[in-house]
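# Examining the three-dimensional arrangement
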Amino acid sequence: MKILVTGGLGFIGSHTVVELQNKGYDVVIIDNCSNSSPDVLNRIQSITGKEPVFEQFDLREKNKVQDFFKRHDDIIGVIHFAASKAVGESVEKPLLYYENNLSTLVYILQQLENKTSASFIFSSSCTVYGQADELPITENAPVKIAESPYGNTKQIGEEIIRDTCKISPNLKAIALRYFNPTGAHPSAEIGELPIGVPQNLIPFITQTAIGLREQLSVFGDDYPTSDGTCIRDYIHVVDLAKAHVVALQRLIEDKNTTNYEVFNVGTGTGSTVLEVIQSFEKVSGQKLNYKIVGRREGDITAAYADTTKANTELGWKANNNLDDSLSSAWKWEQKVRG
Ligand code: WQD
């Protein structure tokens, strides 16, 4: 069975391609390489022994999307990762984010809505909840006003899919709301490759530990948490990748209850920034150079998932804990920079 993975050379996309191949799917990747490298193809092949089919073009080119689906009319499912995802950048360049993240989604769905049957997995985010009123966060938590154009594209994207599924019963879709993806494949062949100064905590930690960055700034220790620093749910990228395969299988095997479903994908455990640092120091055996500074604009105090729905309905559960994620992230950093 042939599956399209858009953004399949990226961090989460590449790990998902590996898990799809491990399950025997034929994978075709579309990626414009704006935030990834074709070298990842060889790395995927070194893990699975199979090189995915790859086409490099920009999904904003509607005619190329139409041509692609004419040539690959045997695609039965799509996992859609391709999107811009830097929260800060989206505030400075909103139109770039609305065009890139939404027009591409529409062009893909237009190709699927007339198929006799199609399964679609959407890369969504816990950012749709903003600062949830209750913790842990369930899928019934209200979607809040987005704090950034990036977060808004995830909210609007979910609505576009929901509305399309309403009039296209042959289209089955699942939105996966990720918490904080982190870590790397145990082979250290693939992992996170942030361009420039990392915005996210874990790559900044590993780059500080390897000497690429001078010091980690901890953005605030005056939050109402156990140690004053923010709480997040750090999920290992391999667990996250496996959730995509399980969700796709659910749709292919018609086990879904409605043709548009939403699942939170996290570990269900929240960790403060200082707990992450302590965990990293434990698994790496290295002291980390950090200092406490002021809060970062837009940060919420705490977010971690209620994973009951994914555990019971998807039959999926994260197997890796924070130490596993940080240990794999550190192994990857040492391999890439070593
Ligand atoms: C985590 C914590 C920071 C960097 C990310 C993505 C978002 C979504 C969810 C996908 C926060 C603190 C960070 C640093 C720090 N993912 N921090 N120093 O903000 O939860 O959101 O995951 O859709 O798109 O951006 O993740 O890693 O940036 O921050 O103290 O140098 O680490 O304040 O409390 P965040 P993050």
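Per chain, residues are indexed from 1 in the order of the written sequence. Reporting of local features is limited, given that this is a predicted model, to residues whose pLDDT is at least 70; pairs of side-chain atoms are given and counted only at 80 or more, and all residues count toward the totals for whole chains, interfaces and linings. Only heavy atoms go into the side-chain values, all of them from the structure, while hydrogens and water stay out.

Right, let's talk about the environment of Val246 for a bit. Position of Val246 among the secondary structure elements: in helix α8 (residues 237-252). Exposure categories follow from relative accessible area, calculated using a 1.4 Å probe and restricted to protein chains: below 20% of the type maximum is buried, above 50% is exposed, and the middle band is partly exposed. By relative accessible area, which is 23% here, Val246 ends up partly exposed. What Val246 contacts, discounting residues up to four positions off in sequence, is Leu314 and Trp316. Secondary structure elements follow DSSP: runs of H or I of four or more residues count as helices, runs of E of two or more count as strands, with numbering from the N terminus. Two residues form a contact once any of their heavy atoms are found within 4.5 Å.

When we say a residue is near a molecule or strand, we mean one of its heavy atoms is within 4 Å of it. In the neighbourhood of the ligand, 19 residues make up the surrounding shell, with Tyr150, Leu201, Ser217, Arg232 and Asp299 lying closest. The definition of a polar contact used here is a pair of N or O atoms within 3.5 Å, where within protein one atom must be able to donate a hydrogen and the other to accept one, and adjacent residues in sequence count solely through side-chain atom pairs. Between Asn180 and the ligand, the recorded distance is 2.9 Å, taken from a side-chain N or O atom to an oxygen atom. Measuring from an oxygen atom of the ligand, one finds a backbone N or O atom of Phe219 at 2.9 Å. Burial of the ligand by the protein chains amounts to 90% of its free accessible area of 690 Å². A per-element tally of the shell around the ligand places strand β8 (residues 216-219) first, with four residues. In the shell around the ligand, the residues fall into ten nonpolar, six polar and three charged. Using a 1.4 Å probe, the Shrake-Rupley method yields the accessible areas, and only the shown protein chains count as cover for residues. For this scheme, ten residues count as nonpolar: Ala, Val, Leu, Ile, Met, Phe, Trp, Tyr, Cys and Pro. Four count as charged, namely Asp, Glu, Lys and Arg, and the remainder, Gly too, count as polar.

This is a description of form; function is not addressed.
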